[in-house]
Every structure is written in C-alpha cells, then in structure tokens.
Amino acid sequence: MPKDQFKTRLQIAKEKLSKKNLRDNSENTTSIGAAFKLSTELVSAVAVGAIIGFILDKTFGTKPWLIIIFFFVGVIAGIINVVKSAKKMQK
Amino acid sequence: MTQFEVYRIGPEIKVGTFDVSFTNASLFMVVSSLAILIIFNLGSKKNSLIPNKIQLLAELSYTFISKMIGDTAGSKARPYFAFIFSLFMFVLFCNMFGMIPYTFTVTSHIIVTFMLAAFIFIGVTIIGFIKHGFGYLKLFVPSGVPAVLLPLIVVIEIISYLSRPVSLSVRLFANMMAGHTMMKVFGGFVISLGIVGGWLPLSFSVALTGLEILVAFLQAYVFAILTCIYLNDALNLHH
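Computed from a prediction, not measured in an experiment: that's the story for all the values here. Residue positions are given per chain, counting from 1 as you read along its sequence in written order. Each chain gets a letter, beginning with A, and each ligand a number, beginning with 1, in the order they are written. Predicted model: local features are reported for residues with pLDDT of at least 70 only, side-chain atom pairs are reported and counted for 80 or more only, and whole-chain, interface and lining totals are derived from all residues.

A. Structural detail: the overall build of chain A. Secondary structure elements follow DSSP: runs of H or I of four or more residues count as helices, runs of E of two or more count as strands, with numbering from the N terminus. Summing up its helical and strand segments, chain A has two helices and zero strands in all. Exposed residues have 12 or fewer other C-beta atoms within 10 Å of their own C-beta, buried residues have 20 or more, and residues in between are partly exposed; the C-beta atoms are placed from the backbone. When burial is assessed residue by residue, chain A has 18% of its 91 residues classed as buried.

Structure, rendered in structure tokens:
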C-alpha cells in the first residue's frame, strides 16, 4: 500500500475516533466520577469539623460547646465544598 | 466476614512495639505491584509499530493518564506523571484483584486508603509551600470577603482543606467494602432460597459483578483525578 494513502486513511480514522467514541466515553466516566465525589465531600467535612471540635474540647475542657460549634461549621464547609465542585463542573 | 479478615502469613516480625508481620494484605499488595511491573515491562519491551495486546494495553493506559493530567492539572503537573500513574495503577490492580473469588481486597480497608490519601495530602501541601512559600496560605483566604466574616471563612476553608484526605480515603474504602458486602449478601440469598427461588438473587449477583468491575475502575479513576485536582490547586494558585 502506498504511504500517502495509508496516511490519509489513518487521518480519517483518527478524526472519527476523536469525534465519536473518545468524547462520549470520557464525558460519561467523568460525570459518574463527579457524582461519587459530591456524595462523600458533604459528609467528610462534617466529620472533620466534629473531630476538630472534639480535640479542642478535650484540650480546653469546654466539654460540649466547641464540638457543637465546629459540627455546624463543618456542615457549612461541606455545603460550600459541594457548591464549589458543582460550579467547577458547570464550567 | 471472612473475606475482610487480615491474618499473618509466616513468622511474626516486630519492630519495637509495632507488629510488622507479613499478612495476606501485604501479600496482595505485593502481587498487584508485581503484576503491574510484569505487564508494563512486557508492554514496553518491544516497541513495534503495530502493537501486540500487552503493548496496546500499556500505551492506552499511558495516554489515558497523560490526557487526564493534561486536562485537570495542566502542563505544570507533567513532572508528577510517574507518581499519579503508579498510584492509579496500584489502586486499579488492588481493586481488580479483589474481584477474583477467594482473594483479598486491599482497598476495602480504611487504613490502606487513608495512608494513600494522607501521603497525597501531605505531599501536595509540601509542594504548595515549596512553590509559593507562605503565599500558599492564601488558599484559605478567598478574595472579596468582608472583614467581619473573614475569621469564620478561614475556619471553614481550613476544615474543607482538611476534609480532603478523609473524603478521598472514605470514598474508595466505602465503595469497595459496600460492593463486596452486597455481593456476599446476595450470595447468601442464593443459598438460603435454594434451587426454587435462588435464581433471582443469582442473576442479581451476576449483574452486581459487572457493576463492581465498573466501580473498581471508576474508583481508581476518581482517586487519580482528585489527586490531579489537588495538585492543580497547589501548582496553579489563583482563587
């Protein structure tokens, strides 16, 4: 087979591939990945906030107060996390 | 459940008070690392123009990861390619080896995933401080916030930064563990319903196996892509 012919055929095949399959596939995987990402992001910030509150409570001896405050701060942080990544996705 | 049990293989080894004996978990980590080494050595041995199957596999995974890094972290993240590639492959192979019956899923234990995530978290933080000095702390102070709200916002940002390794590790661990438990439960239904009603859970089990293979790949992908995103925050600081 002459080289030029092979090259043009390769070009056409590559274009087809990049147009159809690759784009569909990558968009699908990234959107499922994003869904998994959002679900844990909300929870983990709450957990981290509560843990920080617990540790601070132990060191300062202000038993129930800091854990309550940091729990709610963690909730806010979780919501902000989700909003941020949702904004990133829309770009 | 027996499939999540860690037991010792061979003699007990102790360093100080720590038990560092070789367990079945370590065995499967070694097995998956060896499998990666063998596959990629075979794949890069002969650089033929028309690749054979193993070479195709190696090349496809190379381009896949390289494209992912380029899309999410930009050209500055190029030097970290080797790390992200090995991370992705390790998690992927651990997940996939866990899909074989009678094997041990390393990633279904939170300590393993948390150590990986903590390593990434500390590494990314160090990279950020090296690249930007104390300017990296600007990550916690978003621009355009009124001064009254600033203390609260900084605390919130710090918590959300600290929650990264937690969410990274819990996601991988929970997905692997939940999937394997679910398959076990459906397998139990097959036994208890017997030959009359056992066909329905059996078909569910087959479908779940397919789903679990998808999840195994996807979680490795998410783990790698989030590492890229965190790396991107550390390298290109502009919020």
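B. Spatial organisation of the overall build of chain B. Each helix and strand in chain B was counted, giving six helices and two strands. On the principal axes, the C-alpha backbone points of chain B span a range of 70 × 50 × 45 Å. Classification of the 239 residues of chain B by burial places 27% in the buried group. The contact criterion used here is simple: two residues whose C-beta atoms, placed from the backbone, lie within 7 Å are in contact. The long-range fraction of contacts in chain B, counting pairs at least 24 apart against all pairs at least 6 apart in sequence, stands at 64%.

C. Layout of the interface of chain B and chain A. Contacts between the two partners involve 15 residues from chain B, matched on the other side by 19 residues from chain A. Going through the elements one at a time, helix H5 (150-197) and helix H6 (199-235) of chain B are the ones with two or more residues in the side of chain B that touches chain A. Ranked by the residues each element gives to the side of chain B that touches chain A, the list is headed by H5(B), at 10 residues. Note that Gly is not counted as nonpolar here; it falls among the polar residues with everything else outside the nonpolar set of Ala, Val, Leu, Ile, Met, Phe, Trp, Tyr, Cys and Pro and the charged set of Asp, Glu, Lys and Arg. Residue composition of the side of chain B that touches chain A, by class: 11 nonpolar, three polar and one charged.

D. Examining helix H1 (residues 24-45) of chain B more closely. All names here are of chain B. The first and last C-alpha atoms of H1 sit 31 Å apart over 22 residues, in line with the 32 Å expected at 1.5 Å per residue. Looking only at H1, the buried set comprises Ala 25, Ser 32 and Gly 43. Down the axis of H1, the buried side of the element spans an arc of 35 degrees, and every buried residue falls inside it. Set apart from the buried face of H1 by more than 90 degrees, the exposed residues are Val 30, Leu 34, Leu 37, Ile 38, Asn 41 and Lys 45. On its buried face, H1 is in contact with helix H2 (53-73) and helix H3 (81-98). To estimate how far a helix should extend, the number of its residues minus one is multiplied by 1.5 Å. Arc definition: directions from the helix axis to the C-beta atoms.

E. Broad picture of the nonpolar core. We define a nonpolar core as a collection of buried residues of the types Ala, Val, Leu, Ile, Met, Phe, Trp, Tyr and Cys that are connected via C-beta atoms lying within 7 Å of each other. With 40 residues, the main nonpolar core has B:Phe88, B:Val91, B:Ala220, B:Phe223, B:Ala224 and B:Cys228 as its most contacted residues. The set of elements that each furnish at least two residues to this core consists of H2, H3, helix H4 (110-132), H5 and H6 of chain B. Top element by residues in this core is H6(B). It accounts for 13 residues. Beyond its immediate sequence surroundings of up to four residues, B:Ala224 is in contact with B:Met68, B:Ile84, B:Leu87 and B:Phe88. Of all hydrophobic cores here, the second largest spans 10 residues; its members include A:Val73, A:Ala77, B:Ile156 and B:Ile159.

F. Structural detail: the environment of B:Asn47. Residue and element names in this part refer to chain B. In this fold, Asn 47 is placed in the loop between H1 and H2. Since 9 C-beta atoms lie within 10 Å of it, Asn 47 is described here as exposed. Here the alpha-carbon distance between Asn 47 and Thr 209, two residues 162 residues apart in the chain, equals 35 Å.

G. The packing of H4(B) against H6(B), seen in detail. All names here are of chain B. Between H4 and H6, the shortest axis-to-axis distance is 8 Å and the interhelical angle comes to 20 degrees. Judged by the inter-axis angle, H4 sits roughly parallel to H6. Note on packing geometry: the crossing formed by H4 with H6 is right-handed. On H6, the residues touching Ile 120, Val 124, Ile 127, Gly 128 and Lys 131 of H4 are Thr 227, Tyr 230, Leu 231, Ala 234 and Leu 235. Class assignment of the residues belonging to the contact of H4 with H6 gives a composition of seven nonpolar, two polar and one charged. Note on method: axes are straight lines fitted to C-alpha atoms, helices fitted across the in-contact stretch only, with angles between N-to-C directions ranging 0 to 180 degrees. Just so you know how the angles are binned, under 35 degrees is roughly parallel, over 145 roughly antiparallel, 65 to 115 roughly perpendicular, and the rest oblique. Whether a crossing is left-handed or right-handed is set by the direction in which the near helix is turned from the far one by less than a right angle, anticlockwise for left-handed and clockwise for right-handed.

H. Representation of the packing of H1(B) against H3(B). Residue and element names in this part refer to chain B. It is the contact of H1 with H3, at a shortest axis distance of 9 Å, that shows an interaxial angle of 120 degrees. Here H1 runs over H3; the crossing is right-handed. On H3, the residues that touch Phe 28, Met 29, Val 31, Ser 32, Ser 33, Ala 35 and Ile 36 of H1 are Met 89, Phe 90, Phe 93, Cys 94 and Phe 97.

I. Inspection of the environment of A:Lys7 at higher detail. Residue placement: A:Lys7 occurs in helix H1 (residues 3-60). The spatial distance from the C-alpha of A:Lys7 to the C-alpha of A:Val82 is 47 Å, given a sequence separation of 75 residues.

J. Structural view of unusual backbone geometry. All names here are of chain B. Backbone geometry places Tyr 102, a non-glycine residue, at a positive phi of 70 degrees. Looking at where Tyr 102 falls in the secondary structure, it is placed in the loop between H3 and H4. Looking at Tyr 102, the number of C-beta atoms within 10 Å reads 6, which means it is exposed.

K. Highlighting the confidence of the model for chain B. What pLDDT conveys is the predictor's confidence in a given residue, as a value from 0 to 100. Overall, the predicted model of chain B reaches an average pLDDT of 87, with 99% of residues at or above 70. Scoring of the predicted complex yields 0.82 for pTM and 0.71 for ipTM.

L. Spotlight on the environment of B:Ile100. Structurally, B:Ile100 can be placed in the loop between H3 and H4. Along the backbone, B:Ile100 and B:Ile122 are 22 residues apart, and their C-alpha atoms lie at a distance of 33 Å.

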